[in-house]
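Listed below, chain by chain, are the residues.
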Amino acid sequence: MLNNITTLATSLRQHLPFLPSNHENDDIAPYYRNHVAAITGAGSGMGRELALHLAKMGCHVALSDINAEQLAQTKDMLAGYDILITTTVLDVSDNQAMQAWANSVMSNHGKVHFIFNNAGVAFSSTIEGASIEELEWVMDINFWGVVYGTKAFLPLIKNSVKQSEMTSDHQDSQPRQFKEHGHVINISSLFGLTAQPSYSAYNASKFAVRGFTESLRQELNIQHCGVSATCVHPGGIKTNIANSARGNDSVSTVGMPTGEKAIRSFNKLLKFDASEAARVILHAAATNQQRCLIGNDAKMVDAIQRVFPSHYSQVLNDITKFSRKLKPRRTSKHNHKTDVTS
């Protein structure tokens with residue numbers, strides 16, 4: 001047990017402080033300036049915030065979303081920046097539509113350097129209670145959307161970067177140098193680190209994104225092509241994902257809330273500011289991080305999973321139970337102080 005505690009402390013120290021990282025003083029703008037970024041799910045949430053931050057840094061953007069109205073709102077918010085902005089209404093689960101969008105980005109921008117595969121959906125159900133169609137819906141968007149986006153844009157990104165190569169006559173012993181650079185940023189989740197009851201489909205899709213992206217990064221590292229990849233694991237980010245999530249009443253069999261109560265419970269977990277999350281993601285890509293954890297919840301869960309890979313669910317349950325026991329005591333203590341001073 002002592003060894004586990006020591007390992008946990010070491011892992012936690014790597015993530016401390018458990019506070020949003022302040023990257024305001026980090027000048028990552030040159031990494032993005034005069035480059036071109038494609039973003040899925042840009043109509044709201046982190047996708048919109050990514051577009052705003054990139055625009056401020058002088059990065060041209062190609063935006064897509066399935067919601068035409070929200071996409072137009074994002075474009076309007078970028079009107080004051082001296083960059084080229086293009087928008088496309090897109091269903092990321094449609095491979096042909098993704099390929100067509102990638103081709104249009106090249107036609108309109110001439111090159112592309114970054115793909116942010118950000119679009120995603122949430123779904124809650126027991127495995128028994130979920131239909132095959134519901135499972136396919138989640139996987140088609142969360143996983144295949146990432147695959148389609150990566151497959152469509154990666155060759156274009158690599159070619160765009162290759163055109164800027166400064167050492168075309170380099171020898172194998174010399175590293176290749178490029179004036180421009182590329183990056184694939186795929187959004188997994190806290191649920192791509194640990195599994196949770198009633199989220200089997202969501203877990204499966206986000207674990208798949210993680211494995212896919214980590215393998216991609218290794219391949220790109222071997223190729224020395226000036227392109228890399230980062231897998232992002234957000235915790236609870238303040239977005240509309242809870243309000244647009246799907247689910248069914250089967251979760252009640254494992255003690256989970258349903259209906260409006262489920263949405264309210266989900267929203268309570270979404271505490272991390274979406275704009276700050278976007279800044280963390282952009283910093284992670286600019287500094288070529290393999291894994292990007294966003295929020296105290298993601299950092300804590302990652303640390304616990306590393307120390308207790310086979311028993312993290314029990315540890316997390318124990319922590320949750322312990323925190324619930326503390327709340328009444330804190331309330332009681334607070335009320336007692338109030339009575340004394342009044």
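A quick note: this is a predicted structure, and the numbers were derived from the prediction, not measured.

Comments concerning the packing of helix H6 (residues 132-142) against helix H8 (residues 200-223)
Part 1 of the reasoning: As a packed pair, H6 and H8 sit with axes 9 Å apart at the nearest point and diverge in direction by 25 degrees. One element, H6, and the other, H8, form an angle in the roughly parallel class. The way H6 lies across H8 gives a crossing that is right-handed. Residues Leu135, Val138, Met139 and Asn142 of H6 pack against Ala201, Tyr202, Ala204, Ser205, Lys206 and Val209 of H8.
Part 2 of the reasoning: When its residues are assigned to classes, the contact of H6 with H8 shows seven nonpolar, two polar and one charged.

Here's the deal with the nonpolar core
What tends to happen in soluble globular proteins is that the nonpolar side chains get buried as a cluster.
Part 1 of the reasoning: In terms of nonpolar packing, the biggest core is built from 38 residues, with Tyr32, Leu54, Leu63, Phe116, Ile281 and Ile294 touching the most fellow members.
Part 2 of the reasoning: Of all elements in the fold, only helix H2 (29-32), strand S1 (36-39), helix H3 (45-56), strand S2 (60-65), strand S4 (114-117), strand S6 (182-187), helix H11 (274-286) and strand S9 (291-294) reach the threshold of two or more residues within this core.
Part 3 of the reasoning: At eight residues, the largest contribution of residues to this core is made by H11.
Part 4 of the reasoning: Beyond its immediate stretch of four places on either side in the chain, Tyr32 contacts Leu54, Met57, Gly58, Cys59, Phe114, Leu282, Ala285 and Ala286.
Part 5 of the reasoning: With 33 residues, the next largest nonpolar core counts Ala38, Trp137, Phe153 and Val161 among its residues.

Notes on unusual backbone geometry
Part 1 of the reasoning: Positive phi is not limited to glycine here, since Asn34 has a value of about 65 degrees.
Part 2 of the reasoning: Within the secondary structure, Asn34 is located in the loop between H2 and S1.
Part 3 of the reasoning: Look at Ser198: it is not a glycine, yet its phi comes out positive at around 80 degrees.
Part 4 of the reasoning: Along the chain, the position of Ser198 falls in the loop between S6 and H8.

Notes on the pairing of strand S7 (residues 227-234)
Part 1 of the reasoning: Here S7 lies mainly inside the structure; eight of its eight residues are buried.
Part 2 of the reasoning: Inspection of the sheet shows S6 paired to S7 by six bridges, in the parallel sense. Of the residues in S7, the one forming a bridge with Ile187 is Val232.
Part 3 of the reasoning: Of the crossover connections in this fold, the one passing from S6 over H8 to the parallel S7 is right-handed.
Part 4 of the reasoning: Across four bridges, S7 lies against S9 in parallel orientation. Residue pairing across strands places Cys231 opposite Arg291, the latter belonging to S9.

Regarding the environment of Ile185
Part 1 of the reasoning: Structurally, the position occupied by Ile185 is in strand S6.
Part 2 of the reasoning: A sequence separation of 70 residues divides Ile185 from Ile115, and the C-alpha atoms of the two residues are 6.1 Å apart.
Part 3 of the reasoning: Aside from chain neighbours lying at most four places away, what touches Ile185 is Ile115, Phe116, Asn117, Thr230, Val232, Ile281 and Ala285.

What to know about the packing of aromatic side chains
Part 1 of the reasoning: Enumeration according to the criterion identifies 10 aromatic pairs in this entry.
Part 2 of the reasoning: On the numbers, 4.9 Å between centres and 80 degrees between planes, the contact of Tyr31 with Tyr32 is edge-to-face.
Part 3 of the reasoning: Residue class for Tyr32 comes out buried when judged on its relative accessible area of 0%.

Comments concerning the pattern of salt bridges
Part 1 of the reasoning: With the rule as written, the count across this model stands at seven salt bridges.
Part 2 of the reasoning: Measuring nitrogen to oxygen at the nearest pair gives 3.0 Å for the salt bridge that ties Glu165 to Arg176. One end of the pair, Glu165, is in the loop between helix H7 (144-162) and S6; the other, Arg176, is in the loop between H7 and S6, and 11 residues separate them in sequence.
Part 3 of the reasoning: Take Arg176: its relative accessible area is 27%, and that puts it in the partly exposed class.
Part 4 of the reasoning: Between Glu276 and Arg279 there is a salt bridge, and its shortest N-O distance comes to 2.4 Å.

So, the packing of H6 against H7
Helix-helix packing is described using two parameters, namely the angle between the two axes and the distance between the axes.
Part 1 of the reasoning: It is at 3 Å that the axes of H6 and H7 come closest, and there the two elements cross at 25 degrees. The angle between the axes of H6 and H7 places the two elements in the roughly parallel class. Between H6 and H7, the residues in contact are Met139, Asp140, Ile141 and Asn142 and Trp144, Gly145 and Val146, respectively.
Part 2 of the reasoning: Partitioning the contact of H6 with H7 into residue classes produces four nonpolar, two polar and one charged.

Concerning the environment of Gly247
Part 1 of the reasoning: Mapped onto the fold, Gly247 is located in strand S8 (residues 246-247).
Part 2 of the reasoning: Judged by relative accessible area, which is 46%, Gly247 ranks as partly exposed.
Part 3 of the reasoning: Separated by 117 residues in the primary sequence, Gly247 and Ala130 place their C-alpha atoms 8.6 Å from one another.
Part 4 of the reasoning: Excluding residues within four positions of it along the chain, Gly247 makes contact with Phe123 and Ser124.

Observations concerning the sheet that holds S6
Part 1 of the reasoning: Across the sheet, seven strands lie side by side as S3-S2-S1-S4-S6-S7-S9; this open sheet has parallel pairing. Of all the strands in the sheet, just strand S3 (85-89) and S9 have a single pairing partner and so form its edges. Each neighbouring strand pair of the sheet contributes to a mean axis angle of 15 degrees, computed without reference to strand direction.
Part 2 of the reasoning: Alignment of S4 against S6, held across four bridges, turns out to be parallel. Following the sheet pairing, Ile115 is matched in S6 by Val184.
Part 3 of the reasoning: Strands S1, S2, S4, S6 and S7 of the sheet are contacted by H3, whose axis makes an angle of about 170 degrees with S1.
Part 4 of the reasoning: Contacts between helix H12 (residues 296-307) and the sheet are confined to S7 and S9, with S9 contributing the most and set at about 120 degrees to the helix.

Reading guide: rules and limits
- Residues numbered from 1 in each chain as written.
- Predicted model: local features only at pLDDT ≥ 70, side-chain atom pairs only at ≥ 80, totals over all residues.
- Heavy atoms only, no water.
- Axes fitted to C-alpha atoms, helices over the stretch in contact; angles between N-to-C directions.
- Helix = DSSP H or I, 4+ residues; strand = E, 2+ residues; numbered from the N terminus.
- Parallel < 35°, antiparallel > 145°, perpendicular 65-115°, else oblique.
- Left-handed = near helix turned anticlockwise from the far one by under 90°.
- Contact = heavy atoms within 4.5 Å.
- Nonpolar A, V, L, I, M, F, W, Y, C, P; charged D, E, K, R; others polar.
- Core = buried A, V, L, I, M, F, W, Y, C linked by side-chain atoms within 4.5 Å.
- Buried < 20%, exposed > 50% of the residue type's maximum accessible area, 1.4 Å probe, protein only.
- Pairing = 2+ DSSP bridges.
- Right-handed = clockwise from strand over helix to strand, strands pointing away.
- Phe/Tyr/Trp six-rings, centres within 6.5 Å; stacked < 30°, edge-to-face > 60°.
- Salt bridge = Lys/Arg side-chain N within 4 Å of Asp/Glu carboxyl O.

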